[in-house]
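Listed below, chain by chain, are the residues.
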Amino acid sequence: MSLQELEEKYPVASAIVEMLLSYAIIYGIFSFCFPSASLLPMSEYPLNRIVVMKANVPEPYYIVVNRTENLTELVEVLNGIEFPYIKDYWDCSESSAYLERYLENKGFTTYICVNHKIRHAWLWVRVRINGSSQFIPVEATRRPHIAFNIPLWMPEHVYKDIYELLAHEDEEEFAWWRREVCENGCNFTSPSR
């Protein structure tokens, strides 16, 4: 059966398929031209990474390590870190982006959370509590800590990595590697704790 015969026999189905193909082509062109507005996950569609290439993300940004959900280990890691605080230069966004990478490279599954209404960024880190795997909020500003007592539960946006974040947020807010704070390498370990 030829394509023309199919169109004559099933005109409604043929019209629907034609319409869906048109939408797919339009969406594909739109996603390529405006990747930050795309609904396609960046990890599965690397063309969206074009947006973040201009940010000059240091590579390799993440290293492959064994995963951990050890709460005690997380507390120990956080106790050894202290960030500077420079308003509108190195604040919650840079601290969160830096700490997300640091924790990921230590084996913790970490997401960056952003809420524009309260103008704040923080992290969700996966840990095991009472045998259950769950995400807990971590405040990254100044002295990072688990933030059970602060209402950081409802982010507007949650990003699984720096690439997804930079495709949707202002890169100047999160590009910690561009700050003079990291000019000679970032070492934020705190011997004073």
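On a predicted model such as this, the values are computed, not experimentally measured, just so you know. (Residues numbered from 1 in each chain as written. Predicted model: local features only at pLDDT ≥ 70, side-chain atom pairs only at ≥ 80, totals over all residues. Heavy atoms only, no water.)

**Let's talk about the nonpolar core**
Here is the rule we go by: Here the nonpolar core consists of buried residues drawn from Ala, Val, Leu, Ile, Met, Phe, Trp, Tyr and Cys, with membership extended through side-chain atoms lying within 4.5 Å. Three labels apply to residues, based on accessible area from a 1.4 Å probe with only protein chains included: buried if under 20% of the type maximum, exposed if over 50%, partly exposed otherwise in between. Numbering of helices and strands starts at the N terminus; helices are DSSP runs of H or I of at least 4 residues and strands are runs of E of at least 2. Contacts: residue pairs with any heavy atoms within 4.5 Å of one another.
Membership of the largest hydrophobic core comes to 34 residues, with the highest contact counts inside it found for L74, L99 and I162. Within the residue set of this core, elements represented by two or more residues are α4 (71-79), α5 (92-104), β1 (110-115), β2 (120-129), β3 (132-139) and α6 (162-168). Ignoring any residue separated from it by four or fewer positions in sequence, one finds I162 in contact with V57, Y61, Y62, A97, E100 and W177.

**Observations concerning α5**
Going by this rule: Expected helix span is given by 1.5 Å per residue-to-residue step, counting one fewer step than there are residues.
A rise of 1.5 Å per residue sets the reference length of α5, with its 13 residues, at 18 Å; its end C-alpha atoms lie 18 Å apart and thus fit the reference within 8%. Burial within α5 is extensive, with twelve of its 13 residues counted as buried. Listed in full, the buried residues belonging to α5 are C92, S93, E94, S95, S96, A97, Y98, L99, E100, R101, L103 and E104. Each element contacted by the buried residues of α5 is listed here: α4, β1, β2, β3, α6 and α7 (171-174).

**What to know about the pattern of salt bridges**
Spelled out, the test is: Salt bridge, as used here: a side-chain nitrogen of Lys or Arg that lies within 4 Å of a carboxyl oxygen of Asp or Glu.
Throughout the structure, instances matching the rule amount to nine salt bridges. Note that E104 is salt-bridged to R67, the shortest N-O span being 3.1 Å. Of this pair, E104 sits in helix α5 while R67 sits in the loop between α3 (50-53) and α4, and the two are 37 residues apart along the sequence. According to the relative accessible area criterion, R67 is partly exposed, its value standing at 45%. Between E82 and R143 there is a salt bridge, with its nearest N and O atoms 3.3 Å apart. You can see E82 sitting in the loop between α4 and α5 and its partner R143 sitting in the loop between β3 and β4 (145-146), a full 61 residues away along the chain. What makes E82 partly exposed here is its relative accessible area of 32%.

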